[in-house]
Amino acid sequence: MHNHDSGTAVVSADKKIIIVGNPNVGKSVIFGLLTGRYATVSNYSGTTVTITSGTTVLDGVDTPVIDTPGVNNLIPMSEDEVVTRDILLSENISLVVQVADAKNLNRGLLISLQLAEMGLPFFLVLNMWDEAKSRGIDVDLKRLSDAISATVIPAVGVEKKGLKEIRDALSEKKYPSININYGVIIEDAIKKLEPCLPESNMSNISRRSIALMLLAGDVSIMRWLGGLKNQGSTSLLNNIETIRKETQEKFYEPLGYVINQRRVKVTQKIFSDVISKYRTDRSTVYSHLGRWAMHPLWGIPVLAVVLFLMYEFVGVLGAQTFVDLLENRLFGGYINPFLISLTASFIADSFFKDLLVGEYGIITMALTYSIAIILPIVGTFFIAFGILEDSGYLPRLAIMVHKIFKLMGLHGKAVLPMVLGLGCDTMATLTARIMETRKERILVTLLLALGVPCSAQLGVILGMLGGVSFLVTLLWISIVVLVLFLVGLIASMVIKGEQSDFVFDIPPLRMPVLSNIIFKTFSRISWYLKEAVPLFILGTLILFTLDKLNVLKFMQVLASPVVVNFLGLPSKATDAFLIGFLRRDYGAAGLYALASAGQLNPNQILVSLVTITLFVPCVANLMVMIKERGLKTALAIVLFIFPFAFFVGGVVNFTLNLFRIKL
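Criteria and thresholds
Residues numbered from 1 in each chain as written. Predicted model: local features only at pLDDT ≥ 70, side-chain atom pairs only at ≥ 80, totals over all residues. Heavy atoms only, no water. Buried < 20%, exposed > 50% of the residue type's maximum accessible area, 1.4 Å probe, protein only. Helix = DSSP H or I, 4+ residues; strand = E, 2+ residues; numbered from the N terminus. Pairing = 2+ DSSP bridges. Polar contact = N/O pair within 3.5 Å; in protein donor to acceptor, adjacent residues only side chain to side chain. Contact = heavy atoms within 4.5 Å. Axes fitted to C-alpha atoms, helices over the stretch in contact; angles between N-to-C directions. Parallel < 35°, antiparallel > 145°, perpendicular 65-115°, else oblique. Left-handed = near helix turned anticlockwise from the far one by under 90°. Nonpolar A, V, L, I, M, F, W, Y, C, P; charged D, E, K, R; others polar. Salt bridge = Lys/Arg side-chain N within 4 Å of Asp/Glu carboxyl O. Patch = residues over 30% accessible without salt bridge, like charges linked within 9 Å, V, L, I, M, F, W, Y side chains within 5 Å. Areas by Shrake-Rupley, 256 points an atom, 1.4 Å probe, with all protein chains shown as cover. Core = buried A, V, L, I, M, F, W, Y, C linked by side-chain atoms within 4.5 Å. Phe/Tyr/Trp six-rings, centres within 6.5 Å; stacked < 30°, edge-to-face > 60°.

Asks: Is there a simple way to explain the pairing of strand E7 (residues 122–127) in this structure?
Replies: Taken residue by residue, a regular strand's side chains alternate between the two faces of the sheet. Within E7, 6 of the 6 residues are buried, leaving the element largely enclosed by the surrounding structure. Residues Phe-122, Leu-124 and Leu-126 line one face of E7 and the alternating positions Phe-123, Val-125 and Asn-127 line the opposite face, and both faces are buried. Looking at chain direction, strand E6 (residues 93–101) and E7 are connected through 6 bridges and run parallel. In the sheet register, Ala-100 faces E7, and the bridge partner there is Leu-126. As paired elements, E7 and strand E9 (residues 152–154) share 3 bridges and run parallel to each other. Looking at the pairing, Leu-124 lines up with Val-152 of E9.

Below, the structure is given as structure tokens:
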């Protein structure tokens, strides 16, 4: 995690450098340049939002650096924005590095203005300087620096341009000043609120900025005032709310809107003073592709090409070639036989031998599963996702599918975890954090668990479908998509909560930089090994316990009548569904074996594949659902999906028999 320039540095955890900025402005690139290769990815305390931290050498001392989630406003509207605002409130800050997109300076200036009002020392990095120039945008750096009283540094992070200037600026400590008058009524309210605010909880930022947050209706800031209740000063809290309500009564629009409009007016004045545009005839292939990728018609073939390439890279190279290399050759041919032999030599007790290298052993199942099978898939997916992320394609995909997801109480951002789910549902469930509201995160988690097959399972399914007519394939796709849409539509009505606004920045389409992809992939794989692998071990221990208690055999006996009588499948298919809870592709593989042996006709293939696709993905995904959504919500999702998957499969079987359809 250390980036040493020379000699031995002293580690200091007292003062921290905080990186802030809008989404998609290259904060992670600047963070990587400052901290070096190594980083720590973790959940921010009490939330599901991940933050990245590292260190950089400043005046001979290793100084902590935190890369905060991207924000559009420091009056929070999403969990990500709450986390960034809370970090600015609570951390012991040495300096704030604000990263802005040079092409969209007006968006960045709104953050600059709020940082200045907070009284935090910061400087402004105008990243993507080359892209601004290519679009004929010129920023008067001297005038901008004077307007906000802060150092302004042009940079091209992916090419390390501006890095020296950024490092030099870390030693400076300027407190920018942007004076805004919000009018007599609001200014009077600020003066009344400031004496009510405690110093102890808000040592970082000014009372004026806290007062403005309260007036703007920032409910989340109230917990920072909770200490007043403990001091028996509930009346003071009531006084704060009274001032806010009295001020609101004097305006037709919400106070938050009034305050934001005043800020926007100031940022637009600064923007117009420092920006000039000159004519440029530069037109690249990327700009054309960027427009095509969002086009209602041409965006479809672009999406088809992207999905095909992604499937070839993740589904074929990762899930088949690399998995075969690691699972069958390395683990199956060398590591597991050696460890099984070694265990047999030193451990005589059959219980402990089974615990380590048995059918549900920690080594033979948990580690083989997580390292030999899942790691190649998520590794290749992290690379592919990093390329899509850095190229600027993902926001365009979100815009393409926004109208469809809106019908299900979601918005275009939901496509991102759905695409991830085609690589690994377990990892995709974690990315549901990008959705702003709790309702949206639950909906995405439900749809992922219900009907998005991971690449490993999809490969087995496509292998089965290859042996039957194209009509079976078309029916399978249609049924699964229809079920996902209907469940999403109904769930959006049943689950309480609000739908967030769809605000998405559209960066230019550009060629990804290899070093940035490597850095992101390395950080994400490190996180996977530390956070996700233990979940696989826990899931295996649960299965081991159930097996030793003969619960698994009891479940087989219990489920067999449903499989045979309701789904119309042979009794041997019961084992496939039971093992499908461990891994859906194992379950699909069991069905594939039955089909290959001629024990499943085309009708039964369709019924079995619809059921296994709508099954709960795996034990590991259940563990992640519990971790992300809580035990109660995760169990509710699972208890719905299990019977629902069999119900849909039974309906398909009943319909085929009713109309005497032979596929």
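Asks: It is not clear to me how the side chain of Asp-67 should be interpreted in this structure. Could you clarify?
Replies: Following the sequence through the fold, Asp-67 ends up in strand E5 (residues 61–67). Within the structure, Asp-67 has its side chain in polar contact with the side chain of Lys-27 (distance 3.2 Å). For Asp-67, the residues in contact, after removing those within four places along its chain, are Ile-19, Lys-27, Ser-28, Phe-31, Ile-51 and Thr-52.

Asks: Help me understand the packing of helix H22 (residues 470–494) against helix H30 (residues 631–658) in this model?
Replies: How two helices sit against one another is set out by the angle between their axes and by the gap between those axes. Running from amino to carboxyl end, H22 crosses H30 at an angle of 135 degrees, the nearest separation of the two axes being 12 Å. Judged on the interaxial angle alone, H30 and H22 are oblique. With respect to the hand of their crossing, H22 and H30 are arranged in right-handed fashion. On H30, the residues that touch Ile-479, Val-483 and Val-487 of H22 are Phe-640, Phe-644, Val-648 and Val-652. Looking at the contact of H22 with H30 residue by residue, the classes come out as 7 nonpolar, no polar and no charged.

Asks: I'm lost on the pattern of salt bridges in this one. Help?
Replies: A side chain of one charge can pair with a side chain of the opposite charge if their charged atoms are brought near each other. For the structure shown, the criterion picks out 16 salt bridges. Note that Glu-117 and Arg-263 form a salt bridge whose closest N and O atoms lie 2.8 Å from each other. Residue Glu-117 is located in helix H3 (residues 105–118), and its partner Arg-263 is located in helix H11 (residues 255–274); the two are separated by 146 residues in the primary sequence. Comparing Glu-117 with Arg-263, the two get one shared label, buried. Put simply, Glu-187 and Arg-208 hold a salt bridge, and the shortest N to O gap is 2.8 Å. Residue Glu-187 is located in helix H7 (residues 184–193), and its partner Arg-208 is located in helix H8 (residues 207–215); the two are separated by 21 residues in the primary sequence. Residue classification places Arg-208 among the partly exposed residues on the basis of a relative accessible area of 23%. Through salt bridges with shared partners, one network takes in Asp-101, Lys-103 and Glu-131.

Asks: Looking at this structure, I do not really get a nonpolar patch on the surface. What am I missing?
Replies: Taken together, Leu-482, Leu-486, Ile-490, Met-493 and Val-494 make up a surface patch of nonpolar side chains, about 520 Å² in accessible area. Residue position: Leu-482 is located in helix H22.

Asks: In this structure, what is going on with the nonpolar core? I would like to understand it.
Replies: As a rule of thumb, nonpolar side chains are buried together in soluble globular proteins. Core analysis: the largest hydrophobic core is formed by 98 residues, its most contacted members being Trp-476, Tyr-528 and Phe-577. At 11 residues, the largest contribution of residues to this core is made by helix H15 (residues 362–391). Setting aside chain neighbours within four positions, we find Phe-577 in contact with Val-563, Leu-567, Leu-569, Ser-608, Thr-611, Ile-612, Phe-615 and Phe-646. Core analysis: the next-biggest nonpolar cluster, separate from the first, contains 63 residues, Ala-100, Ile-180, Tyr-182 and Ala-211 among them.

Asks: Any chance you could explain the packing of helix H20 (residues 438–451) against H30 here in plain terms?
Replies: Relative orientation of the contacting elements H20 and H30 amounts to 35 degrees, with a least axis distance of 10 Å. The element H20 and its partner H30 pack so that their crossing is right-handed. Packed against H20, whose contacting residues are Arg-438, Ile-442, Thr-445, Leu-446, Ala-449 and Leu-450, the element H30 presents Thr-633, Ile-637, Phe-640, Ile-641 and Phe-644 at the interface.

Asks: Before we go on, may I ask you to explain the packing of aromatic side chains in this structure?
Replies: Any two aromatic rings considered together are summarised by their centre-to-centre distance and by the angle between their planes. Within the structure shown, the criterion is met by 8 aromatic pairs. Aromatic pair Phe-615 and Phe-646: ring centres 5.8 Å apart, planes at 85 degrees, arrangement edge-to-face. With Phe-615 in the loop between helix H28 (602–613) and helix H29 (619–629) and Phe-646 in helix H30, the pair connects residues that are 31 residues apart, well separated along the chain. Overall, Phe-646 belongs to the buried group, its relative accessible area being 15%. Joined through ring pairs, the aromatic side chains of Phe-577, Phe-615, Phe-642 and Phe-646 make up one cluster.

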